[in-house]
Amino acid sequence: MMLFSPKQYHEEIDAASAKFDLPVEALHSLFRNAHVAHLKRTSHQIKSQTSRHVQNYLNGMSILNISKKCNYPPSMMARLIIENIAMMPGGDENDANKKCQSTDAEGETNASTMNTNAKPIPPSRKFVTEAVRSPEKILGCASDCIIPQYLFSEKRGKRTQLEGRGVGSNDDRQFDEVRERTISRLALEVKEAVNSDPMHGPRHDRERHNIGMEYELLLEKRLRSMDIPFETEADLRARGTARTPDILLSCPVGLRVRRKDAPIVQTSTTSAAEIANIDKGTIISSSVGENTKQEKKINNLREELRNINYHDDEFYEWKIICWIDSKALYGDIETHNNSVLPQVETYVHRFGPGMVLYWFGHAPLSRLGDGHGDVVIYGGDLPDFFLMPTGDFHGRNGKLSIEDDDGDDEVGT
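Cut-offs applied
- Residues numbered from 1 in each chain as written.
- Predicted model: local features only at pLDDT ≥ 70, side-chain atom pairs only at ≥ 80, totals over all residues.
- Heavy atoms only, no water.
- Helix = DSSP H or I, 4+ residues; strand = E, 2+ residues; numbered from the N terminus.
- Buried < 20%, exposed > 50% of the residue type's maximum accessible area, 1.4 Å probe, protein only.
- Contact = heavy atoms within 4.5 Å.
- Areas by Shrake-Rupley, 256 points an atom, 1.4 Å probe, with all protein chains shown as cover.
- Arc of directions from axis to C-beta.
- Phe/Tyr/Trp six-rings, centres within 6.5 Å; stacked < 30°, edge-to-face > 60°.
- Lys NZ or Arg CZ within 6 Å of the ring centre and 35° of its normal.
- Pairing = 2+ DSSP bridges.
- Axes fitted to C-alpha atoms, helices over the stretch in contact; angles between N-to-C directions.
- Parallel < 35°, antiparallel > 145°, perpendicular 65-115°, else oblique.
- Left-handed = near helix turned anticlockwise from the far one by under 90°.
- Nonpolar A, V, L, I, M, F, W, Y, C, P; charged D, E, K, R; others polar.
- Polar contact = N/O pair within 3.5 Å; in protein donor to acceptor, adjacent residues only side chain to side chain.
- Core = buried A, V, L, I, M, F, W, Y, C linked by side-chain atoms within 4.5 Å.
- pLDDT = per-residue confidence, 0-100.
- Disulfide = S-S within 2.5 Å.

## A look at the overall build of the chain
(1) Moving on: What the chain contains, in helices and strands, is 17 helices and 10 strands.
(2) Moving on: Split into buried and exposed, the 413 residues of the chain put 44% on the buried side.
(3) Moving on: Counting contacts in the chain only where the partners sit at least 6 residues apart, residues at least 24 apart contribute 70% of the total.
(4) Moving on: Summed over all atoms, the accessible surface of the chain reaches about 22300 Å², with 48% contributed by carbon and sulfur.

## Focus on helix α4 (residues 63-70)
(1) Moving on: Buried within α4 are the following residues: Ile63, Leu64, Ile66, Ser67 and Cys70. In a view along the axis of α4, the buried residues occupy a sector of 160 degrees, so they form one face of it.
(2) Moving on: Turning to α4, the residues buried within the fold contact α2 (24-47), α3 (50-58), α5 (74-85) and α12 (185-195).
(3) Moving on: Positive phi shows up at Asn71, right after α4, with a value of about 55 degrees.

## Some thoughts on the packing of aromatic side chains
(1) Moving on: Under the counting rule described, the total for this entry stands at six aromatic pairs.
(2) Moving on: Centre to centre, the rings of Tyr215 and Trp359 are 5.1 Å apart; their planes meet at 50 degrees, and the pair counts as tilted. Of the two residues, Tyr215 is situated in helix α13 (residues 202-225) and Trp359 in the loop between β6 (354-358) and β7 (375-379); the sequence distance between them amounts to 144 residues.
(3) Moving on: Trp359 sits in the buried class, given a relative accessible area of 2%.
(4) Moving on: Ring centres of Trp323 and Tyr347 lie 5.4 Å apart, and the angle between their planes is 80 degrees; on these two criteria the pair is classed as edge-to-face. Within this pair, whereas Trp323 is found in strand β5 (residues 316-327), its partner Tyr347 is found in helix α17 (residues 333-351), the two being separated by 24 residues in sequence. Neither residue differs from the other here; Trp323 and Tyr347 are each classed as buried.
(5) Moving on: The structure contains a cluster of three or more aromatic residues connected by ring pairs, namely Tyr215, Trp359 and Phe360.
(6) Moving on: Across from the ring centre of Tyr57, 3.8 Å away, lies the NZ or CZ of Arg185, which sits over that ring.

## Focus on the pairing of β5
(1) Moving on: Pairing of strand β2 (residues 247-258) with β5 involves eight bridges; the strand directions are antiparallel. Bridge assignment links Arg258 to a residue of β5, and that residue is Tyr316.
(2) Moving on: Pairing geometry for β5 and β6, over four bridges, is parallel. Counterpart to Lys327 in the pairing with β6 is Tyr358.

## Here we look at the packing of α5 against helix α7 (residues 125-133)
(1) Moving on: Relative orientation of the contacting elements α5 and α7 amounts to 125 degrees, with a least axis distance of 10 Å. Taken together, the axis directions place α5 and α7 in an arrangement best described as oblique. Judged by the sense of rotation from one axis to the other, the crossing of α5 with α7 is right-handed. Here α5 contributes Arg79, Ile82 and Glu83 to the contact with α7, which in turn contributes Arg125, Val128, Thr129, Ala131 and Val132.
(2) Moving on: Residues belonging to the contact of α5 with α7 are distributed by class as follows: four nonpolar, one polar and three charged.

## Looking at the side chain of Glu189
(1) Moving on: Tracing the backbone through its elements, the reader meets Glu189 in helix α12.
(2) Moving on: A relative accessible area of 10% means that Glu189 is categorised as buried.
(3) Moving on: One polar contact links Glu189 to Arg185, side chain to side chain, over a distance of 2.9 Å.
(4) Moving on: If near-sequence neighbours (up to four positions away) are discounted, Glu189 is found in contact with Tyr57, Met61, Ser62 and Ile63.

## Topic: the nonpolar core
(1) Moving on: Counting residues in hydrophobic clusters, the biggest one holds 34 residues, and the most contacted among them are Ile63, Leu139 and Leu186.
(2) Moving on: Contributing elements (two or more residues each) for this core: α2, α3, α4, α5, α7, α9 (142-145) and α12.
(3) Moving on: For this core, the element with the most residues is α5, which contributes six residues.
(4) Moving on: Beyond its immediate sequence surroundings of up to four residues, Leu139 is in contact with Ile82, Phe127, Ala131, Cys145, Ser184, Leu186, Ala187 and Val190.
(5) Moving on: In this structure, Leu218, Cys251, Ile321 and Leu357 belong to the second largest nonpolar core, which totals 24 residues.

## Thoughts on the pairing of β2
(1) Moving on: Among the 12 residues that make up β2, nine are buried, leaving the element largely enclosed by the rest of the structure.
(2) Moving on: When strand β1 (residues 230-232) meets β2, the two strands line up antiparallel, connected through three bridges. Within β2, the position partnered with Glu231 by the bridge is Leu248.

## With respect to the confidence of the model for the chain
(1) Moving on: Overall, the predicted model of the chain reaches an average pLDDT of 79, with 70% of residues at or above 70.
(2) Moving on: Confidence, expressed as mean pLDDT per element, reaches its minimum in the chain at strand β4 (residues 282-283) with 32 and its maximum at β6 with 96.
(3) Moving on: Low pLDDT, under 50, characterises residues 159-169; the stretch is placed with 13 contacts to residues that sit more than four places away or in other chains.
(4) Moving on: Every residue in residues 407-413 is under pLDDT 50, and counting partners more than four places away or in other chains gives 15 contacts.

## Quick word on the state of the cysteines
(1) Moving on: One pass over the structure, following the stated rule, counts zero disulfides.
(2) Moving on: Free cysteine: Cys322, not disulfide-bonded; nearest cysteine sulfur from Cys251 at 9.2 Å.

In structure tokens:
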């Protein structure tokens, strides 16, 4: 039931993070990507039974319970119900009623039975999105937002609550008066469904957008600390450039990456929380001995630079990149190959080869497409150093020296 309880969902993700020593953000991104892939394969089965779901709602079953019964995201089920029983203000109400009415054997209108062959005129996509985002505002008044044919469903959803306040079950007039002073059942249940969804819905869309913006800003900050010139997506759009990556480098740079066919080795990675707190090349931490660890990392990097073999390396190769695209998610196989790769290949055609940076890690390189070698896939953080056209190496604090801090020699060709 974790898919219908944000609290339980986050508890499970936190437990898995502690058990497998993986960042919470990476697990959340991986799980959501897998769930979205599952929905793409199965949503047509849910939508093919729309009439049954709408009938269950009209008979008094809550949107959340319908979602649980179908194992479908509550916020998406809320959209489905709104699309089929709501009407837009100023819409052709008479035509909608004509299409939505069903008749019994004697030809009389039967409001409690839904005609599966007649569907209401669907509200616009914008209206449905706004209704899910602000249900009390858009759907608060039942008589204004629900097709009159389906207004009876308001009684079935609220009658028990109103009877508890002293409203008699047979007093329909009193019920209607109370209903007009309260928020509609549809609005309340849409709100409940959205708040019960741990992965989908307006709030999560905003969160993903904000996280993406935060990591784009972090990427810009890190490149500035490495003294690497670049233009941002905003800069490019101001110049009228279409289909822009997050970062367009002012000059091509080289980076050393593992070959796709190289054996996988266990490496230590910086967590997303540590990455978010990096300032001027120093990881902010209260743990004892952190400065010593940082110094050791710098010394190891110097040693790696001294021993680089530019021409013959069994596990590594050099790549040239002209742009970087930031992805604050886990790069699973389906998301990368079907969504990200087609997007970044347009950058290759316009700007040359580049790099996709998956902040929360990615699937094995051998399973990910690289646009015939023009797309470098990197995970976890930026590389420790880049090779500039001048032959200099630039790292976290700008131009790197392979000598000790008191040495004078710098890396060159």
